[in-house]
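# Structural description and commentary
For reference, the chains in residue letters:
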Amino acid sequence: MTIFPSPLSQISSMDEPQIDGHGTNEDVDLSHHLSSEARNRVADPLKDILRVISESPVTDLISMANGDPHHSLYPFRQIMYEVPSVQNTPDPVASWRIDSRPTQIIRSYKDQECALSIRDVFPYSRAAGLKQCRDVLTHFTKLMFAPPNHHVTLTLGNSDGITKVFRLFGEEGDHFLTDEFSFPSMTNAPLAYGVNWVGVKMDAGGIIPEELERVLIKWDEGKSGRRPRVLYIIPVGQNPTGSTLSVDRRKKIYAIAHAWDLIIIEDDPYYFLQYDIPQTNCAPADPNEFIKDFRNTLIPTFLSMDVDGRVLRIDTFSKVLAPGMRLGWITSNKLFHLKLADYTDSSTQPPHAFGQMFVTEMLSEHGWKVGGFCQWLKSLRSDYQSRRDFLLDVFRREVEPTGYASVNCPAAGMFVWIEIFFEKHPRFVREQHSGGSAVVARTNTEKLLKELFEMLMNTHGVVFMPSSTFVIPENPLWVESDEHVPLSDQVSTRNVRW
């Protein structure tokens, strides 16, 4: 087993994250991370012809090369969206919720000027998404995250993007790294093709960098197979714990990824729902300064620190506009961008036209523009913070005084983490550990938690999500201490609730 020098001892000398688009190491070759499936997949020759057509300087081509219906047969001439007005409205979300006024009309046309015309949006298109939509999202991404030399690929929301990225890197027998509690709809996806998970210990601040490094140092390839090369992480408002990684931890984790050649999948649907942020004095009337001030209130991303091209960031409109839009985007290096496009061409095809059209118009000069969208995001996080504060106030007033449970205060996202003290229950049972597997439950808290879940749902009409749903299975090979508390016991003392 090869032991690498610890990068954590060098963290103090690390520069601040690159946020100006400079300093990228473009010579880092990360192609060895690609799965055999990704390597063997060939580009769709038909879509390759569409690419050539799209890059033609001729603006009025007569195309007989594809099976597109003629645009005169599209049963749409104008599509109108009535949306909240963000102009001269300090809190557009509150205004929209109270009486849906004032509003703004955004239109897409077939024959009139707009950001993305009906003629252009409804023909068959290439996998990465329509150029107009990618351009506005690339512009937004650069303003928010300043990623050096990265490319945008459109997705059908986060789930689509993440599962495609898993297939980009996963081989049968591989292990991916993630938080010891993680979102099961995603961690379940690669199991079917033989990729397993290694959970990394967490605390209230999220994944612990030293524990991540410990897993990599102590990994025995003779017993466990190839050392993990992919880290999947939800760094802001983590699902389910609600934790948010500090800048210091992000620096340490990126240094570990650099030293151990890890790919980081940064799944960040709650990034813009960060709370307890001091209000800025800049008026929305100054859009450039407002955008800059808004961005500076947000914690730096792994993408903004990425100088190797080893971060793939997954963004979505699901939590800030609507889940049913099924539209998001992946920001990655060029190689991964092209491989993702090849995969999309041979599977889902690009996202639907209506979502791309709306987002393009919304972020264009005819819509909210980026400044208006940031105003909406700022107002939205204020609304969610009020909801969080109300929930915590009721819990601390009505539940915590009983001494049977406590709750965290998440700095972002949609989830709070409730700890239930089952050891105070009269039917609580703890068995002494006397050999056998170190990861087998030694208490009956899972049974008690099931009873609590059913009682709250059936008697009180309230649903909490048991945290056992989110557990990454433990491997006894990784247990080092006789004092280890199995996750199957830990999880039964915690709940997730939004």
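Everything below is about the structure printed above this text.
Residues numbered from 1 in each chain as written. Predicted model: local features only at pLDDT ≥ 70, side-chain atom pairs only at ≥ 80, totals over all residues. Heavy atoms only, no water.

## Describing the overall build of the chain
Our working definition: Every helix listed is a DSSP run of H or I at least four residues long, and every strand listed is a run of E at least two residues long, numbered separately from the N terminus. Exposure is judged per residue with a 1.4 Å probe applied to protein chains only, and the accessible area is read against the type maximum: over 50% gives exposed, under 20% gives buried, and values in between give partly exposed. Here, two residues are considered to be in contact whenever any of their heavy atoms come within 4.5 Å of each other. Areas reported as accessible are Shrake-Rupley estimates using a 1.4 Å probe. Residue values count occlusion only from the protein chains shown.
Assigned secondary structure in the chain consists of 17 helices and 15 strands. Evaluated residue by residue, the chain yields a buried proportion of 50% over its 498 residues. Taking contacts inside the chain between residues at least 6 apart in sequence as the whole, the part at least 24 apart equals 74%. Of the roughly 23500 Å² of accessible surface on the chain, a fraction of 52% belongs to carbon and sulfur atoms.

## A look at the side chain of Arg313
We apply this condition: Side-chain atoms alone can form a polar contact between residues adjacent in sequence; in general such a contact is a pair of N or O atoms within 3.5 Å, and within protein one must be able to donate a hydrogen while the other accepts it.
By the element assignment, Arg313 lies in strand S10 (residues 311-316). Polar contacts involving the side chain of Arg313 include one to the side chain of Glu266, which spans 3.3 Å. In this view, Arg313 contacts Phe145, Glu266, Asp268, Tyr271, Thr301, Leu303, Trp329, Ile330 and Thr331; residues no more than four positions away in its chain are not counted.

## Describing the packing of helix H5 (residues 131-145) against helix H15 (residues 369-398)
Note the threshold: Fitted lines through C-alpha atoms give the axes, limited to the stretch in contact for helices. The angle between two N-to-C directions lies from 0 to 180 degrees. In what follows, roughly perpendicular refers to angles from 65 to 115 degrees, roughly parallel to angles under 35, roughly antiparallel to angles over 145, and oblique to any angle outside these ranges. Rotating anticlockwise by less than a right angle from the far helix to the near helix defines a left-handed crossing, while the corresponding clockwise rotation defines a right-handed one. Residue classes follow a fixed rule: Ala, Val, Leu, Ile, Met, Phe, Trp, Tyr, Cys and Pro count as nonpolar, while Asp, Glu, Lys and Arg count as charged, and any other residue, Gly among them, counts as polar.
One way to put it is that H5 packs onto H15 with a least axis distance of 11 Å and a crossing angle of 60°. Put simply, H5 runs oblique to H15. Two packed elements cross with a definite hand, and for H5 against H15 that hand is right-handed. Across the interface between the two elements, His139, Phe140, Leu143 and Met144 of H5 pack against Val370, Phe373, Cys374 and Leu377 of H15. Each residue belonging to the contact of H5 with H15 can be placed in one class, and the counts come to seven nonpolar, one polar and no charged.

## Things to note about the nonpolar core
As a reminder, the rule being used: Side-chain atoms within 4.5 Å are what join buried Ala, Val, Leu, Ile, Met, Phe, Trp, Tyr and Cys residues into a set we call a nonpolar core.
In terms of nonpolar packing, the biggest core is built from 98 residues, with Leu137, Phe169, Phe272, Phe317 and Phe373 touching the most fellow members. Counting residues per element, this core draws most heavily on H15, at seven residues. Apart from the residues within four sequence positions on either side, Phe373 is in contact with Phe140, Phe317, Val320, Leu321, Met362, Leu363 and Trp368. Counting residues in each nonpolar core, the second largest holds 13 residues, with Phe395, Leu449, Leu456 and Phe464 among its members.

## A short note on the pattern of salt bridges
To keep it simple, the criterion reads: A carboxyl oxygen of Asp or Glu within 4 Å of a side-chain nitrogen of Lys or Arg is what we treat as a salt bridge.
Following the criterion strictly, the structure yields 25 salt bridges and no others. A salt bridge links Asp268 to Arg313; the shortest N-O distance between them is 2.8 Å. Here Arg313 lies in strand S10 and Asp268 lies in the loop between strand S9 (263-267) and helix H11 (287-296), a separation of 45 residues in the sequence. Each member of the pair, Asp268 as well as Arg313, is classed as buried. Linked through salt bridges whose partners overlap, the residues forming this network are Glu266, Asp268, Arg313 and Asp315.

## Looking at unusual backbone geometry
Following Asn239, the chain continues into Pro240 via a peptide bond in cis, with omega recorded as 25°. Checked against the element boundaries, Pro240 lands in the loop between strand S8 (230-233) and helix H10 (247-260). Of note, the phi angle at Asn88 is positive, near 55°, even though the residue is not glycine. Here Asn88 lies in the loop between strand S1 (78-84) and helix H3 (92-99). With phi around 60°, Asp261 is a residue other than glycine that occupies positive phi space. Tracing the backbone shows Asp261 in the loop between H10 and S9. Residue Asp261 is classed as partly exposed on the basis of its relative accessible area of 23%.

## Focus on the packing of aromatic side chains
Put simply, the rule is: In summary, the pairing rule links any two rings of Phe, Tyr or Trp, Trp by its six-membered ring, whose centres are within 6.5 Å, and it sorts them by plane angle into stacked for under 30 degrees, edge-to-face for over 60 and tilted for everything else. The rule is short: NZ of Lys or CZ of Arg within 6 Å of the ring centre and within 35 degrees of the ring normal puts a charge over the ring.
Summed over the entire model, instances satisfying the criterion amount to 24 aromatic pairs. Centroid distance Phe272 to Phe294: 6.3 Å. Interplanar angle 10°. Geometry classified as stacked. Here Phe272 is found in the loop between S9 and H11, whereas its partner Phe294 is found in helix H11, with 22 residues between them in sequence. We note that Phe272, like Phe294, is buried. A network of ring pairs unites the aromatic residues Phe140, Phe145, Tyr271, Phe272, Phe294, Phe317, Trp329, Trp368, Phe373 and Trp376 as a single cluster. Here Arg313 stacks its cationic end above the ring of Phe145, 4.2 Å away from the centre of that ring. The positively charged end of Arg313 is found above the aromatic ring belonging to Tyr271, 4.9 Å away from the centroid.

## Concerning H11
Stated formally: The arc in question is the one traced by the directions running from the helix axis out to the C-beta atoms.
For H11, the complete set of buried residues consists of Phe290, Ile291 and Phe294. All buried residues of H11 fall inside an arc of 100° around its axis, so they share one side. In this structure, the buried residues of H11 make contact with H5 and H15.

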